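Results of the structural survey
Spelled out, the chains give:
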Amino acid sequence: EPIGLSQIYQFVLFVRVEHPHLHHLETHHQARLRRAFTRMTPRPSLLQRAVSDTLSRLGWQHDFEIVTEEGLSLDVAQATWKHGIEVDGPSHYVRDAETGGFVENGATRFKTRQLERFGWTVTRVPFFEWDGLQTEAEKCRYLDAKLGNRAVSAVARSAPS
């Protein structure tokens, strides 16, 4: 079953980064497991496209919807620098029972941890932050702050409100 194979592949990745001394658990079925894990065709959201479009206008060179060497997907990435941006909609969060605020769910945290262990820097763009931005200038300044990119800063300052 593809779902089961996909889950086994996630476990194999987990073992590879968290317990490398257990490398003997890696299997000769690795290619089959990876295919099951990466079989889904990405369906980018309007939010992902909006963030990518703003990054393009800023001159931040990136690829859209990439799959890493390990088979993990990223919404937006500069693969050369191993810098990924995950644009997170509501399904990436749960509500904190005490504060009512949004907290990343377990699957989102797990994926981030895996990406970071494989050497990626992951920047998150949560829907509840992006949705509050009204103008292109606000969006540019927001991404500038998230990325800490000086090249983006100059464009953000000159973007029309």
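Since this is a predicted model, take the numbers as computed values, not measurements.

1. Focus on the overall build of the protein chain
Check the secondary structure of the protein chain and you find 7 helices and 6 strands. Listing every helix and strand of the protein chain by position from the N terminus yields α-α-α-β-β-β-β-β-α-β-α-α-α. Expressed as a percentage of its 161 residues, the buried residues of the protein chain come to 42%. Taking the intrachain contacts of the protein chain between residues at least 6 apart in sequence as the baseline, contacts between residues at least 24 apart amount to 55%. Taken as a whole, the protein chain presents about 9,500 Å² of accessible surface, with 53% of it coming from carbon and sulfur.

2. Here we look at the side chain of Asn 105
By the secondary structure assignment, Asn 105 is in the loop between β5 (102-104) and α4 (106-117). For Asn 105, a relative accessible area of 16% corresponds to the buried category. Separated by 2.8 Å, the side chain of Asn 105 and the backbone oxygen of Ser 91 make a polar contact. Every residue in contact with Asn 105, bar those within four places of it in the chain, is listed here: Ser 91, His 92, Tyr 93 and Val 94.

3. Focus: helix α6 (residues 136-147)
Given a rise of 1.5 Å per residue, 12 residues ought to cover 16 Å, and the 16 Å separating the end C-alpha atoms of α6 matches this to within 8%. The complete set of buried residues in α6 reads Ala 137, Lys 139, Cys 140, Tyr 142, Leu 143, Asp 144 and Leu 147.

4. Side note on the environment of Lys 139
Here Lys 139 lies in helix α6. Residues Lys 139 and Ala 50, 89 residues apart in the sequence, show an inter-C-alpha distance of 9.8 Å. If we ignore the near neighbours within four places in the chain, the residues touching Lys 139 are Thr 54, Trp 130 and Leu 133.

5. Topic: unusual backbone geometry
A positive phi is found at Glu 65, a non-glycine position, where the angle reads about 55 degrees. With respect to the helices and strands, the residue Glu 65 is situated in strand β1 (residues 63-67). Non-glycine residue Lys 82 carries a positive phi angle of around 55 degrees. Position of Lys 82 relative to the elements: it lies in the loop between β2 (73-78) and β3 (83-88).

6. Observations regarding the sheet that holds β2
The mixed open sheet is built from 4 strands, whose spatial order is β1-β2-β3-β6. The sheet is open, and its two borders are formed by β1 and β6 (121-126), each paired with just one other strand. Between one strand and the next, the sheet's axes are offset by a mean angle of 40 degrees, whatever the strand orientation. Note that β1 and β2 share 4 bridges and pair antiparallel. The residue of β2 that forms the bridge with Val 67 is Ser 73. The strands touched by helix α3 (residues 46-58) within the sheet are β1, β2, β3 and β6, with β3 carrying the most contacts at an inclination of about 140 degrees.

7. A few points about the pattern of salt bridges
Scanning the entire structure with this criterion turns up 7 salt bridges. Several salt bridges share partner residues, and in doing so they unite Glu 18, Arg 113 and Arg 117 into one network.

8. Description of α4
Compared with the 16 Å implied by 1.5 Å per residue over 12 residues, the 16 Å span of α4 between its first and last C-alpha is a close match. Against the buried residues of α4 lie α1 (2-18), β2, β3, β5 and β6. Put simply, Asn 105 is the residue that caps the front of α4, since its side-chain oxygen is 3.3 Å from the backbone nitrogen of Ala 107. Count one or two residues on from α4 and you reach Gly 119, which has phi positive near 95 degrees.

The rules behind each value
- Residues numbered from 1 in each chain as written.
- Predicted model: local features only at pLDDT ≥ 70, side-chain atom pairs only at ≥ 80, totals over all residues.
- Heavy atoms only, no water.
- Helix = DSSP H or I, 4+ residues; strand = E, 2+ residues; numbered from the N terminus.
- Buried < 20%, exposed > 50% of the residue type's maximum accessible area, 1.4 Å probe, protein only.
- Contact = heavy atoms within 4.5 Å.
- Areas by Shrake-Rupley, 256 points an atom, 1.4 Å probe, with all protein chains shown as cover.
- Polar contact = N/O pair within 3.5 Å; in protein donor to acceptor, adjacent residues only side chain to side chain.
- Expected span 1.5 Å × (residues − 1).
- Pairing = 2+ DSSP bridges.
- Axes fitted to C-alpha atoms, helices over the stretch in contact; angles between N-to-C directions.
- Salt bridge = Lys/Arg side-chain N within 4 Å of Asp/Glu carboxyl O.

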